[in-house]
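Architecture at a glance
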Amino acid sequence: MKSSRIIFYIIVFVIVALVFYIGKESFFQPGMERFEGKYEELGHFRNENNTGPVLRIYAIRALDSDQKWMKEFAESQPHTKYGKTLVYFFSQDVSGPIELSGTPPYFDQSLDEKVVASFERTPMGEPRFKSRSSE
């Protein structure tokens, strides 16, 4: 009788500890604030299609040249199953908003030489990061 009570308390303790751990991990994940001071959004495009493939395009001025944060930032952007997410990182000398469209080329091609990195999440969810320095 006493051993079954001990086992019961151990099981309850394990369940409470597991719930606490899951809650802590859920609510204390790093958010977008970890990128503050590293970028400035210059433009954003999302097509109106809610029943089919959703296209999201972001134009970002990179204030920090580290490729690691760029890839991490791009991977944290929203993505819809069978949709496409594109993130273009521009050099610091690009200023003002960038007009984006839903058809290629997605922005004015005179800015193409100012792209320092790009990211694509394919319709199947596969991430592809390319930097100009690695080409």
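This write-up is about the structure you can find in this document. (Residues numbered from 1 in each chain as written. Predicted model: local features only at pLDDT ≥ 70, side-chain atom pairs only at ≥ 80, totals over all residues. Heavy atoms only, no water.)

Details of the overall build of the chain
Secondary structure summary: the chain contains two helices and five strands in total. Start at the N end of the chain and walk to the C end: the helices and strands fall as α-β-β-α-β-β-β. The C-alpha radius of gyration computed for the chain amounts to 22 Å, which surpasses the reference 14 Å derived for 135 residues by more than 25%, pointing to a less compact arrangement than a globule. With respect to the principal axes defined by its C-alpha atoms, the chain has extents near 80 × 35 × 25 Å. The proportion of buried residues among the 135 residues of the chain is 29%. Put simply, of all contacts in the chain between residues at least 6 apart along the chain, 59% involve residues at least 24 apart. By element, 58% of the accessible surface of the chain is carried by carbon and sulfur atoms, the whole surface being about 9,200 Å². (Helix = DSSP H or I, 4+ residues; strand = E, 2+ residues; numbered from the N terminus. Rg over C-alpha atoms; globule rule 2.2 N^0.38 Å. Buried < 20%, exposed > 50% of the residue type's maximum accessible area, 1.4 Å probe, protein only. Contact = heavy atoms within 4.5 Å. Areas by Shrake-Rupley, 256 points an atom, 1.4 Å probe, with all protein chains shown as cover.)

A look at the side chain of Thr122
Position of Thr122 relative to the elements: it lies in the loop between strand S4 (115-121) and strand S5 (127-131). Look at Thr122 and you get buried, because its relative accessible area is 6%. In this structure the side chain of Thr122 is engaged in a polar contact, spanning 3.0 Å, whose partner is the backbone nitrogen of Glu126. The residues touching Thr122, leaving out its near neighbours within four places in the chain, are His79, Gly83 and Arg128. (Polar contact = N/O pair within 3.5 Å; in protein donor to acceptor, adjacent residues only side chain to side chain.)

Re the sheet that holds strand S3 (residues 84-90)
Judged by pairing direction, the sheet is mixed, and its five strands sit side by side in the order S1-S2-S3-S4-S5 without closing on themselves. Of all strands in the sheet, those bounded by a partner on one side alone are strand S1 (39-46) and S5. For this sheet, the mean angle separating the axes of adjacent strands, direction not counted, is 15 degrees. In the sheet, S4 pairs with S5 via five bridges, with the strands oriented antiparallel. In the strand pairing of S5, Ser118 is matched with Lys130. Across the sheet, helix H2 (residues 67-75) lies against S1, strand S2 (55-62), S3, S4 and S5, angled at about 35 degrees from S4, the strand it touches most. (Pairing = 2+ DSSP bridges. Axes fitted to C-alpha atoms, helices over the stretch in contact; angles between N-to-C directions.)

Some remarks on the side chain of Ser131
Along the polypeptide, Ser131 turns up in strand S5. The class of Ser131 is buried, set by a relative accessible area of 5%.

Things to note about the environment of Gly96
With respect to the helices and strands, Gly96 occurs in the loop between S3 and S4. Between the alpha carbons of Gly96 and Leu42 there is a distance of 6.5 Å; along the sequence they are 54 residues apart.

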